[in-house]
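# Notes for the structure review
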Amino acid sequence: MDADTPEERRQSPRFLWLYALAVAGGAVSYVPFLTLLLPLRASEMAGDATINLLAYTAFCGAIAASLANIIFGWLSDKTRTRKPWIVTGMVLSGVLLHLVPLAKTPLALISTIVCWQFSINMMLAPLAAWAGDVVPDRQKGTLGGLLAFAPALGALSGAFVTIPGLAGPDGRISMVAILVVAMVLPVVLFGRPAPMPHLMEEPPSAEEERRKAKRAAVGRMWVARLLIQIAEAALFAYLLIWLSSLDSEFRDADTARIFAIVLALSVPLALAAGRWSDARRRPMLPLTIGAGIGSVGLVMMALSEGITGAILGYFVFGLSTSVFLALHSSQTLRVLPRPATRGRDLGIFNLTNTVPSLIMPWLALAMVPVFGFAGLFWLFASLAALATILLATMPKTQHTA
């Protein structure tokens, strides 16, 4: 086939790497703040009521993030431009971060966080859609592998800004804002992606059947990611509690090390799986395998009676689902049916990241007191198995690129 045909065009490695750096900058913009800096600020403000304040803040913030991601994705579709929204959101989110220390009451803090969530999603939503505009299908596996750097660098940034003696509370916020600019701005200024006009063309009416097949695939991928994310969110929140119940000497520092090792190992695995899927033109197979192995890891955890088996089960689950989530983010761009609504549709997909934090606590409250953590893990293993079935039984046209 002629290398100049749309199907054979490739995006430059420079753009792919700078884009991955920018997405990692997006993770840096919220991971250290939400997991470390905000809890410290809430503790200073609320004392014994810290947990309640954080719960209300997380709930309002999740609602704001869900709405904002859809709104700004849609606006970037309507204006047919992404970069101005990305830069504006980057600047506003940095400014609003610096207003957090000025919030003196719980209501002021929650209001500031809601505004900050809107500004940060003004950056994140168009940034996610931009990849769909310029990265061809034959490179989306590679892109997904590169996106695995985002959670790892997000966690690493939290460890960096909280190094003892490096900076005070306000200085840490400034460091986060500076890191975000340093990581996001390069792709805006120097990315210069090769144009891919065929990725922006509306499919002709003759391809209506193909569009319907894509819509069906989108629904399956949405549900599959939601099911995996529910389990992922629960393990993030309750892993320390569960492991401590198995071994009273297990500490939060041990949990942090486990998370760090899983994130570090997931990067080369995701890169290898993404490149393999591009080379073999099998975009869905790594997702199906990842969800399936994740289910196996949860079964191992449900059956574990000791700390060694529990940690091994979590490693199986954590590595497989980290790869799944990274590659899922890029392969979603391949199945969205309409380029004109790409940003809005990705905003709807983003609900799979925010809704689990609203569902998961109620599942834990319903299951753990009655069936213990083992019952909860059996439930999550069933959800992951259902995700595997949904992906494995997708139309054959979606299994090859």
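Residues numbered from 1 in each chain as written. Predicted model: local features only at pLDDT ≥ 70, side-chain atom pairs only at ≥ 80, totals over all residues. Heavy atoms only, no water.

Tallying secondary structure elements over the protein gives 13 helices and 0 strands in all. What you see in the protein, going N to C, is helices and strands ordered as α-α-α-α-α-α-α-α-α-α-α-α-α. By the compact-globule yardstick of 21 Å for 401 residues, the protein fits well, its C-alpha radius of gyration being 21 Å. Dimensions along the principal axes, computed over C-alpha positions, put the protein at roughly 65 × 50 × 30 Å. (Helix = DSSP H or I, 4+ residues; strand = E, 2+ residues; numbered from the N terminus. Rg over C-alpha atoms; globule rule 2.2 N^0.38 Å.)

With that settled, the discussion passes to the packing of helix 1 (residues 13–46) against helix 6 (residues 149–161). For the pair helix 1 and helix 6, interaxial distance at closest approach is 7 Å and the crossing angle is 45 degrees. Here helix 1 lies oblique to helix 6, going by the angle between them. The interaxial crossing formed by helix 1 with helix 6 has right-handed handedness. The segment helix 1 lies against helix 6, with Trp17, Val23, Ala24, Ala27, Val28, Val31, Pro32 and Leu36 engaging Phe149, Ala150, Leu153, Gly154, Ala155, Ser157, Gly158 and Val161. (Axes fitted to C-alpha atoms, helices over the stretch in contact; angles between N-to-C directions. Parallel < 35°, antiparallel > 145°, perpendicular 65-115°, else oblique. Left-handed = near helix turned anticlockwise from the far one by under 90°. Contact = heavy atoms within 4.5 Å.)

It is worth spelling out helix 13 (residues 351–392) at this point. With 42 residues, helix 13 extends only 23 Å from end C-alpha to end C-alpha; this falls clearly short of the ideal 62 Å at 1.5 Å per step. Roughly 130 degrees is the biggest bend found in helix 13, and it falls at Phe371. (Expected span 1.5 Å × (residues − 1). Bend = angle between axes of the 7 residues up to and from the residue.)

Moving on to the packing of helix 1 against helix 5 (residues 140–147). Describing two packed helices takes the angle between their axes plus the distance from one axis to the other. Interhelical geometry of helix 1 versus helix 5 gives an angle of 40 degrees and a closest axis separation of 9 Å. Put simply, helix 1 runs oblique to helix 5. Helix-helix and strand crossings are classified by hand; for helix 1 and helix 5 the assignment is right-handed. From helix 1, Leu16, Trp17, Tyr19, Ala20 and Val23 reach across to helix 5, where they touch Leu143, Leu146 and Leu147.

Once that is clear, we can look at the packing of aromatic side chains. Overall, the coordinates contain 10 aromatic pairs when judged by the stated rule. When the centroid spacing of 6.1 Å and the interplanar angle of 50 degrees are considered together, the rings of Trp17 and Phe149 count as tilted. You can see Trp17 sitting in helix 1 and its partner Phe149 sitting in helix 6, a full 132 residues away along the chain. According to the relative accessible area criterion, Trp17 is partly exposed, its value standing at 46%. One aromatic cluster is present, built from ring pairs that chain together Phe236, Phe259, Tyr314 and Phe317. (Phe/Tyr/Trp six-rings, centres within 6.5 Å; stacked < 30°, edge-to-face > 60°. Buried < 20%, exposed > 50% of the residue type's maximum accessible area, 1.4 Å probe, protein only.)

With that out of the way, let us pick up the nonpolar core. Of all hydrophobic cores here, the largest spans 107 residues; its most connected members are Tyr19, Leu235, Leu298, Tyr314 and Phe380. Considering each element in turn, this core owes the most residues, 15 residues, to helix 8 (residues 208–246). Not counting the four nearest positions on each side in its chain, Phe380 is found in contact with Ile230, Ala231, Ala234, Leu235, Leu298 and Leu363. (Core = buried A, V, L, I, M, F, W, Y, C linked by side-chain atoms within 4.5 Å.)

Before going further, it helps to examine the confidence of the model for the protein. Detailed reading of the predicted coordinates is not advisable wherever pLDDT is low. On average, residues of the protein score 90 in pLDDT, and 94% of them are at 70 or above. The weakest mean pLDDT in the protein belongs to helix 8 at 84; the strongest belongs to helix 3 (residues 83–97) at 97. (pLDDT = per-residue confidence, 0-100.)

Once that is clear, we can look at a nonpolar patch on the surface. Together, Phe59, Ile63, Leu67 and Ile71 line one region of the surface with nonpolar side chains, adding up to about 350 Å² of accessible area. Looking at the element boundaries, Leu67 is found in helix 2 (residues 50–79). Taking relative accessible area as the criterion, Leu67 reaches 46% and is therefore assigned partly exposed. (Patch = residues over 30% accessible without salt bridge, like charges linked within 9 Å, V, L, I, M, F, W, Y side chains within 5 Å. Areas by Shrake-Rupley, 256 points an atom, 1.4 Å probe, with all protein chains shown as cover. Salt bridge = Lys/Arg side-chain N within 4 Å of Asp/Glu carboxyl O.)

Moving on: the environment of Leu303. Looking at where Leu303 falls in the secondary structure, it is placed in helix 10 (residues 285–303). With 146 residues separating them along the chain, Leu303 and Ser157 place their C-alpha atoms 35 Å apart.

Along the chain, the position of Met183 falls in helix 7 (residues 169–190). Given the relative accessible area of 11%, Met183 is considered buried. Through-space distance from the C-alpha of Met183 to that of Tyr19 is 9.2 Å; in sequence the pair is 164 residues apart. In contact with Met183, other than residues within four places in its own chain, are Leu21, Ala22, Ala24, Gly25, Val28 and Leu153.

Here the focus is unusual backbone geometry. Trans is the prevailing form of peptide bonds, just as negative phi is the prevailing case for residues other than glycine. Positive phi, close to 40 degrees, is recorded for Arg192, a residue that is not glycine. Look at Arg192 and you get exposed, because its relative accessible area is 53%. Despite not being glycine, Arg281 has its phi angle at roughly 55 degrees, a positive value. Within the fold, Arg281 resides in the loop between helix 9 (252–280) and helix 10.

Turning our attention to the pattern of salt bridges. One pass over the structure, following the stated rule, counts 7 salt bridges. With a closest N to O distance of 2.8 Å, Arg344 and Asp345 form a salt bridge. Look at the salt bridges and you will find they share partners, linking Asp77, Arg82, Asp133 and Arg342 into a network.

Let us now look at helix 5. Helical geometry note: an α-helix holds 3.6 residues per turn, so side chains three or four residues apart project in the same direction. Of all 8 residues in helix 5, 8 are buried; the element is thus mostly enclosed. Residues of helix 5 that are buried sit in contact with helix 1, helix 4 (106–134), helix 6, helix 9 and helix 11 (307–335).

The subject of this paragraph is the environment of Leu97. Considering the arrangement of structural elements, one finds Leu97 in helix 3. The exposure class assigned to Leu97 is buried, which follows from its relative accessible area of 4%.

Moving on, we come to the side chain of Asp345. Turning to its location among the elements, Asp345 is positioned in helix 12 (residues 342–349). Using a relative accessible area of 11% as the deciding quantity, one classes Asp345 as buried. Polar contacts involving the side chain of Asp345 include one to the side chain of Arg344, which spans 2.8 Å. With residues near it in sequence (within four places) discarded, Asp345 still touches Leu336, Pro337 and Arg338. (Polar contact = N/O pair within 3.5 Å; in protein donor to acceptor, adjacent residues only side chain to side chain.)

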